[in-house]
Each structure stands twice: as structure tokens, then as C-alpha cells.
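# Breakdown of the fold
Listed here are the chains, written in short residue letters.
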Amino acid sequence: MSSIFVRKFPIFTLALAGTVALSACQKPFGGDVRRADTSVNAIDGTGISDVMLNAADPAEAVSYFSRSVGENPDRIDLRRGLAKSLIRAGENDAAVEAWKSVIEHEDSTNDDKVDYADALIRTGEWKEAEAQLDSVPPTHETYKRYRLEAMIADSNQEWKNADSFYQTAVGLTTRPSGVLNNWGYSKMTRGEYKEAEKLFAKAITYDPTLFTAKNNLVLARGAQGNYDLPVMEMTQTERAQLLYTLGLTAVKSGDVAIGKGLIKEAIDTHPQHFEAAVRSLRALEANVSNG
């Protein structure tokens, strides 16, 4: 996902700021100085499109590709660049239109349809996304295709299909933490907390920094009445937040005394003032007093 843009699962994208310097060329020995060719065709030779997609500020990338598509509307690579940069910038509605423009091009590919389906899911257009994936031949087997298929199966509560798609997606990537987290969340929504716990734990082994999976893991454990934090890598701030999650889970399950204790521990653990936990504890204590 890092997900991500889904009905149930949050997904995250990071961008690094970057700049590209271009210089004009000068003939040696006093020759005339000519203006550098800064057209899209010339710039492409320096790989600036790749830089814009992978390292530039998202807004800067959108501006670059918007201008480039305006100058060269028939270039499908520039249309793709605009669509991808809009996704990075969080402009999902505009990205849908951009991807639609891509798939209408005569040189569009099955990968373009998959990316279009991805954009549609981000805007909640699940049926249209499903139709796009259905138009992709089954022989087109990619990680992204199966990850999206799994999410759509989830949205339709087609659990057997979802499990099959998730399993296939996991096998098609060397970084399965995000899809394992999504799969675990799917299991949790079905009430299969033990299986969900295993999937979240596995996701963390692939990416120990994935806090979403850590938070989901303690939710799955709390749903089973297990209010102990699992042994895993976490910062002091993360520990406080996870204790708070467990505390709220306990309260919602009717274990109010345990929940209050966990929330107090979260407040004591947090390296700074933990306002949300403090407010929750005050509300709990007020309810007890009024009771």
C-alpha cells in the first residue's frame, strides 16, 4: 500500500527534494556561445524525467510534467509522468483524469490499466477499478495487480479470493510488509484476530519501522484480551502510543480498570506531554466520579 489510498488501509508516500542544474555549452577558443536546448527532447537525455518522478518535490514534478505534456501532448511517457506525479502529490482526482488520458493513448499498456485502477481506488471508485483490472489479461501477473485485486476482493467480502490474491502478491515482492499489513487488517475485520496477529508480526519482521503494523498488532492482541505489549523494536514514543492503543482497546472491551492503568503508563512513558492520553484519562475518571 505504504500504503495507502484504500477504503480500509492507509497508504504513505515519501518524496525527497532534489534539484537539477543544466548549463549551456560554449565552444572553445572564443567560439560563439549558443543557447542550451531546453526542450523536453533534449532534457530527456539527462534523465530529468526520472529525477522528477523519484526525487523532486511532488509539486515541482507536477508543474514540470504539466508543462511538458502541454508542449508534447502525444508523448505517452510524459502523460505517465504527470499521472504518477499527481499521485505523489496527493492530487488523486486529477490523477484519475491523467491516467484516463494515458490508457486512451494507442501505446498504453496493461501496467497503465493497473495504475489507473490504483488511482480509482484512491478516490473510492471501486467498481470502475474492478472493471479496469478485469480488462487486464490474467497472464499479466505483477505484484501491484494482485495487491489491488486483493483489496477489491476485500471490499466485496470475497474472503477466499482475497486470501489467494494476498498470498500471490506476497510472493511477487521482496518488500511485502505493506501487503502483509493489509492482509492482517483484512483478517482482523473478519474477526480472525489470531491470524491477523501473525500477519502483522510478519510484516514488522520485514520492516521494523512500520508503525501501522505495530499498532494493528496490539489491536489484534487486545481484541483477544491480551494487553501485554509484544516484544519488538520500538521507540519510547511508539511504546507510549501503543500502550495508549491497548488502553483504549481494553476500555472498549469493558476492562476499564486495566485500560486506565495502561493509559496512565502511556502518559508516564511518553517523552513529552501526551495530550490525547491525558484527555482520555480525565474523561474516564470523570465518568467514574459521576457514576
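Structure: above.
Within each chain, residues carry numbers counting from 1 in the order of the written sequence. pLDDT decides what is reported in this predicted model: residues at 70 or higher carry local features, side-chain atom pairs at 80 or more are listed and counted, and totals for whole chains, interfaces and linings draw on all residues regardless. Based on all heavy atoms of the structure, the side-chain values leave hydrogens and waters out of the count.

## Topic: the overall build of the chain
Quick note on the threshold: Helical segments are the DSSP runs of H or I of at least four residues, strand segments are the runs of E of at least two, and each set is numbered from the N terminus. Here the Shrake-Rupley method, with its probe set to 1.4 Å, supplies the accessible areas, and only the displayed protein chains count as covering residues.
Counting its secondary structure elements, the chain contains 15 helices and two strands. If you sum the accessible surface of the chain, you get close to 15,300 Å²; carbon and sulfur atoms cover 49% of it.

## Considering a negative patch on the surface
Condition: The patches reported here contain residues having more than 30% relative accessible area and no salt bridge. Joining distances are 9 Å for like charges and 5 Å for nonpolar side chains (Val, Leu, Ile, Met, Phe, Trp, Tyr). Put simply, a salt bridge is a Lys or Arg side-chain nitrogen that is within 4 Å of an Asp or Glu carboxyl oxygen. Charged residues are defined here as Lys and Arg on the positive side and Asp and Glu on the negative side; His and the ends of the chain fall outside this count. Charge placement uses NZ in Lys and CZ in Arg. For Asp and Glu, CG and CD serve respectively.
Taken together, the side chains of Asp93, Glu97, Glu104, Glu125 and Glu128 make up a negatively charged region of the molecular surface. Among the structural elements, Glu125 can be located in the loop between helix H6 (110-122) and helix H7 (126-134).

## Re the packing of aromatic side chains
Stated formally: The aromatic pairing rule takes the rings of Phe, Tyr and Trp, using the six-membered ring of Trp, and pairs them if the centres are within 6.5 Å, calling planes under 30 degrees apart stacked, those over 60 edge-to-face and the rest tilted. Note on classification: 1.4 Å probe, protein chains only; a residue is buried when its accessible area is under 20% of the maximum for its type, exposed when over 50%, partly exposed between these limits.
Scanning the entire structure with this criterion turns up four aromatic pairs. The interplanar angle of 70° and the centroid separation of 4.8 Å between the aromatic rings of Tyr64 and Phe65 together place this pair among those described as edge-to-face. With relative accessibility at 5%, the residue Tyr64 sits in the buried group.

## Topic: helix H5 (residues 92-103)
Note that an α-helix has 3.6 residues per turn; residues three or four places apart therefore point the same way. Convention followed: Each residue after the first adds 1.5 Å to the expected span of a helix.
In this model H5 runs 16 Å from its N-terminal to its C-terminal C-alpha over 12 residues, within 8% of the 16 Å that 1.5 Å per residue would give. Every buried residue belonging to H5 is among Ala95, Val96, Ala98, Trp99 and Val102, and all of these are buried.

## What about the packing of H7 against helix H8 (residues 143-155)?
Where we set the bar: Here an axis means a line fitted to C-alpha atoms, over the contact stretch when the element is a helix, while the angle between two N-to-C directions is reported on a 0 to 180 degree scale. Orientation labels follow simple angle bins: below 35 degrees gives roughly parallel, above 145 gives roughly antiparallel, 65 to 115 gives roughly perpendicular, and whatever is left gives oblique. Take the far helix as your reference; a near helix turned counterclockwise from it by less than a right angle gives a left-handed crossing, and one turned clockwise gives a right-handed crossing. Contacts are assigned to residue pairs that have any heavy atoms within 4.5 Å of one another. When residue character is reported, Ala, Val, Leu, Ile, Met, Phe, Trp, Tyr, Cys and Pro are called nonpolar, Asp, Glu, Lys and Arg charged, and the others, Gly included, polar.
In the contact formed by H7 and H8, the axes pass within 10 Å of each other and the chain directions differ by 135°. With respect to each other, H7 and H8 are oriented oblique. The two elements H7 and H8 cross, and the hand of that crossing is left-handed. Contacts from Trp126, Ala129, Glu130 and Leu133 in H7 reach Arg145, Leu148, Glu149, Met151, Ile152 and Ser155 in H8. Split by residue class, the contact of H7 with H8 holds six nonpolar, one polar and three charged.

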